[in-house]
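Notes for the structure review
One letter stands for each residue in the lines below.
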Amino acid sequence: MATPQELEKRHRPNYVGVFVVLAVLTLVEIGVTYLPIPRIPVLVPLALLKAALVAMFYMHLRFDRRVFTSLFAFGILIGLGLLISLTILFGPTLLDIK
Amino acid sequence: MASQSQVLTLQHENKRFFGAWIFSTNHKVIGINYLVTAFFFFAVGGIEALLIRVQLGAPNNTVLTPEQYNQVFTMHGTTMIFLFAMPVLVGFANYLVPLMIGAQDMAFPRLNALSYWLFLFGGLVLYSSFVLGGAPDAGWFAYAPLTTVQYSASHGMDFWVLGIILTGVGSTVGAINFVVTILNLRAPGMSMFRMPVFVWMMLVTVFIMLFALPAVTVDAILLFIERNFGALFFQASAGGDPLLWQNLFWFFGHPEVYILILPAFGIISEVIPVFSRKPIFGYAALVYSGIAIGFLGFTVWAHHMFAVGLNPVADAVFGLDSMIIAVPTSIKIFNWIATLWDGKINLKSPVLYAIGFIAMFVIGGLSGVSLAIVPVDWQMEDTYYVVAHLHYVLFGGTVFAVFAGVYYWFPKITGRLLSDRLGKWQFWIMLVSFNLTFFPMHLLGLMGMPRRVYTYDAGTGWTLFNQIETVGAFLIAVAMLLFAYNLIKSLRGGEKAGNDPWEGQTLEWTTSSPPPANNFAKIPTIHGRRPAWDMKQKPALQTASEQPEPSSSVEASGNDLAKERSFYPTLLALGLMVASYGLIYTVWLSILGLAIAFIGIIGWVNEPV
Amino acid sequence: MSEHIVGDQSEAPYVRVDSRKMAIWTLIGSEVVFFASLITTYIVMRNRSVVGPYPAQSLDIPLTAFNTFVLICSSLTMVTALANIQDGHVAKMRRWLIATAILGIIFLGGQATEFTMLSRLGLSLSQNLFGGTFFTLTGFHGAHVLVGVIWITFVVVRSFQGKVTQENHMAVELVGLYWHFVDLVWIIIFTVVYLI
């Protein structure tokens, strides 16, 4: 059985690589705001992707025990549920961008 | 058994017993602290209830002014929910969960102590409002904009916010402790599906706490900022919306009621099999229905808002969901009845309360489901019908379950039995007086009596029922006094209980009464759902070779069991309390409080483990 | 960390995880809902302001883009610190931790600058709903960053006391998880508040 340290090293992602992707995605996001394309359908998935990268690789969820992902995922499920339902309930005034 | 000498050893090791007790990090001591403090607040909340009933005992009564009445009913609700029901259930959990899973303590004993102190200090901050300008007076649910400075000028609502946040942090921290303890510290052989149902219910409950409390914390923060920094979240004229308050509040508030009932379900699920002398019927169904309730509980919150003008689709969705949630609850009721069925019932006080629970809770559940029908709710909203419903589930439910638990586990905690004869008297008086007090409220609600009104006119025709209810309330008080008498009498000279007076099925019954400081000298290995039963029937299974030494592995997973007391959790909680006062009075207090808290944290981190 | 098997022959053994790591993830799960509530409040309220300043005219994307970049860098430095202590290099870990803290302070400085600019435009907690929700949301996020910086400092101090080692560096993992979470929340805030 490998030592904990060896296990940790085996599962070490390319942190700098992830960083580069995150930086590029951020630039893309900013770029999108200068283009005449709908923002929400593009930016939200991009943001979620960035968040997922941080969670999976920097927070090591991809390689860690599943229970950690579950704890995180339950929170997201509830939080997202709150966000979506309240957005629907308060619907009409949401998108009058001033 | 060595228990007496071990308790004495604990006392000798810690020269000043009071200091040992008050700063103890042992889960049993903390559990008792929770239970005692919660019952103290139960008495306070009960007196508030009696004040309400006295005021309403006659039309146009002048015992309380309207302003006083508002404070009393607000504090009654807030106290009963946050300072009695939640803590008493957590108190049971604190005492029992480590014992039931074969652990020596919670995963984080000092964090456990912190939870208790935050509860106590949060309660004290809330109650200090009475002498600092007036208690909160806008209902336990604190609807904005009634709670904004324009309509609630005293600091009462600010104290409400601080009380909620302090106790909420305590609950959150406690919830984390329970999650880790239950998932990580189970004895060898205790898989998830061999855990007692009470432990499962606590696991679901603490998950609900973790994901519901943040919503009310944010809501309370928004209210505080509105009151003290002039924000406009709830001002319609500025584009704000009172419904923001309501949505965030009930997003917490509804899961909160499942926090209040699931542990009670757990207690009932422990008591009924033991006194039926059978295994619980439908263990898996009880577990899965508990999980289902926990999840579904997050999807029904707007049924508290049917009357605010939501669109019909929202009404329909929430109404439907509120009916669906009755299903897993009913499954539990059937499981309990099936357990009792054909059992060799040992009709002692605990199971009497459990049966009372089932009957009363079903009534409460039925009124609840009727309220899920949107047009019915439109008629019943803010009437005494809702007051009836909530008391049938919270008193007829939770409180009855609490007494079942008290009668059941008192012998384990103290080593003495409560008088069963007095217990039965208390039960019957309580059952009759409870129904006398709250059943007429259904009818009053149907007759149109609104809730939260400080008086009513003689011509309404509501007088008789109100009088009956007031008499009933005082009879409840009689039952409670009887309980207090039983408690004191039994503590002084009650019958010695021995390890296992009820022929229990779960691990706590394999220890002495009270258990030794570290619960189990050797962590047992578990082979089934009823380890105490197994150990009695098949003692050969427990061989020394099956018992791995506990301490090294427990330390390796980062627990701090070595010290049984610490002053730093108290200091940290004290600092947070002082900082809270600073938020109302002066920022210098907050800075002082944070400094105290900081010292507490540094001491904690550097304490030798 | 030694393995401790829970379970007998009849079922799959369960190996315990570190309790403190499980605790921090549980806390993070709860904090997700906390920030979701704040973000939701922002989303549903911000365009209901009756008076200005309004988001589109007030928010400075370049400055906050820089701030976002700073925070993303800080996650990289944090995770590098962890890798170093996993490899046994205490001094290097310390340097990367300090770098993380410095980046955090730069972020806070950026936030302070932005808050000042916005208040010069007339935005405040009480001015309108945009101000109320904006400052509450970003204020609480900033407070979390501050707590993170203080926590990192704690760990650096402890490393000087020899309490952070290759065998026992859970402290670094814990603060790292917290820190990445705070970064993650900012990623969402940046998109929701500034870009959409």
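Residues numbered from 1 in each chain as written. Chains lettered and ligands numbered in written order. Predicted model: local features only at pLDDT ≥ 70, side-chain atom pairs only at ≥ 80, totals over all residues. Heavy atoms only, no water.

Examining the interface of chain B and chain C
Cut-off, in case you're wondering: Contact between two residues is taken to exist if any of their heavy atoms lie within 4.5 Å; hydrogens are not considered. Here the buried area means the combined drop in accessible surface, using a 1.4 Å probe, for two parts upon being joined, counting both sides. For this analysis, a salt bridge means a side-chain nitrogen from Lys or Arg found within 4 Å of a carboxyl oxygen belonging to Asp or Glu. Polar contacts, as counted here, are pairs of nitrogen or oxygen atoms within 3.5 Å of one another; within protein the pair requires one atom able to donate a hydrogen and one able to accept it, and residues that are adjacent in sequence qualify only if both atoms are side-chain atoms. Only runs of H or I of at least four residues qualify as helices and only runs of E of at least two qualify as strands under DSSP, and these elements are numbered from the N terminus. Ten residues, namely Ala, Val, Leu, Ile, Met, Phe, Trp, Tyr, Cys and Pro, are considered nonpolar, four, namely Asp, Glu, Lys and Arg, are considered charged, and the remaining ones, Gly among them, are considered polar.
With 51 residues of chain B at the contact, the number on the chain C side is 45 residues. A buried area of about 3,600 Å², summed over both sides, lies between chain B and chain C, and 66% of it is on carbon and sulfur atoms. The largest contributions to the chain B side of the interface with chain C come from Asn184, Val218 and Phe233 of chain B, which together make up 13% of the buried area. Connecting chain B to chain C are one salt bridge. In this structure, Arg48 of chain C and Asp241 of chain B form a salt bridge, with 3.5 Å as the shortest nitrogen-oxygen distance. Viewed at the interface, chain C and chain B are joined by eight residue pairs in polar contact (both at pLDDT 80 or more). Counting only elements with at least two residues in the side of chain B that touches chain C, the list comes to helix H6 (156–184), helix H7 (197–229), helix H8 (242–276), helix H18 (551–556) and helix H20 (587–606) of chain B. At 10 residues, the largest contribution of residues to the side of chain B that touches chain C is made by H7 of chain B. Along the lines of polarity and charge, the residues of the side of chain B that touches chain C split into 33 nonpolar, 15 polar and three charged.

A look at the nonpolar core
We count it as follows: Buried residues of nine kinds, namely Ala, Val, Leu, Ile, Met, Phe, Trp, Tyr and Cys, make up a nonpolar core once their side-chain atoms join them within 4.5 Å. For every residue, the accessible area (1.4 Å probe, protein chains only) is compared with the maximum for its type, and the residue is labelled buried under 20%, exposed over 50%, or partly exposed between those bounds.
One finds Trp336, Phe357 and Phe403 of chain B together with Trp25 and Phe134 of chain C to be the most contacted residues of the largest nonpolar core, which totals 293 residues. A total of 25 residues in this core trace back to one element, the largest contributor, which is H7 of chain B. Not counting residues within four places of it along the chain, the set of residues in contact with Phe357 of chain B comprises Ile261, Ala264, Phe265, Ile268, Trp336, Val362, Gly396, Gly397, Thr398, Phe400 and Ala401 of chain B.

Observations concerning the interface of chain A and chain C
Listed as interface residues are 49 residues of chain A and, on the opposing side, 54 residues of chain C. Where chain A abuts chain C, roughly 4,500 Å² becomes buried across the two surfaces, and 73% of that area is made up of carbon and sulfur atoms. On inspection of chain A and its partner chain C, the count reaches two salt bridges. Note that Asp87 of chain C and Arg12 of chain A form a salt bridge whose closest N and O atoms lie 3.1 Å from each other. At the surface where chain A touches chain C, the tally comes to six residue pairs in polar contact (both at pLDDT 80 or more).

Topic: the packing of aromatic side chains
All names here are of chain B. Put simply, the rule is: Classification of ring pairs uses Phe, Tyr and Trp, with its six-membered ring standing for Trp, and accepts pairs whose centres are within 6.5 Å; under 30 degrees between planes counts as stacked, over 60 as edge-to-face, and the remaining range as tilted. Charge-over-ring placement is defined geometrically: NZ (Lys) or CZ (Arg) within 6 Å of the ring centre, and within 35 degrees of the ring normal.
Tallied over the full model, the rule gives 83 aromatic pairs over all chains. Between the aromatic rings of Phe403 and Phe483, the centroid separation amounts to 4.9 Å while the plane-to-plane angle is 85°, which identifies the pairing as edge-to-face. One end of the pair, Phe403, is in helix H14 (residues 384–414); the other, Phe483, is in helix H16 (residues 463–493), and 80 residues separate them in sequence. Taking relative accessible area as the criterion, Phe403 reaches 1% and is therefore assigned buried. By relative accessible area, Phe483 is classed as buried at 6%. Arranged with centres 5.1 Å apart and planes meeting at 55°, the rings of Tyr408 and Trp509 form a pair that is tilted. Highlighted residues: Tyr408 in helix H14 and Trp509 in the loop between H16 and helix H17 (531–537), separated in sequence by 101 residues. You'll find Tyr408 and Trp509 in the same group, each marked buried. In this structure, Arg530 packs its charged tip against the face of Trp533, placed 4.4 Å from the ring centre.

A look at the confidence of the model for chain B
Residue and element names in this part refer to chain B. Keep this limit in mind: Note on scores: pLDDT gives the predictor's confidence for each residue, bounded by 0 and 100.
This prediction gives chain B a mean pLDDT of 92; 92% of its residues lie at or above 70. Contacts from residues 1–16, a stretch scored under 50 in pLDDT, to residues over four places away or in other chains number eight contacts. In this model residues 543–562 is a low-confidence stretch, pLDDT under 50, and it forms 39 contacts with partners more than four residues away in sequence or in other chains. Confidence estimates for the predicted assembly give a pTM of 0.93 and an ipTM of 0.93.

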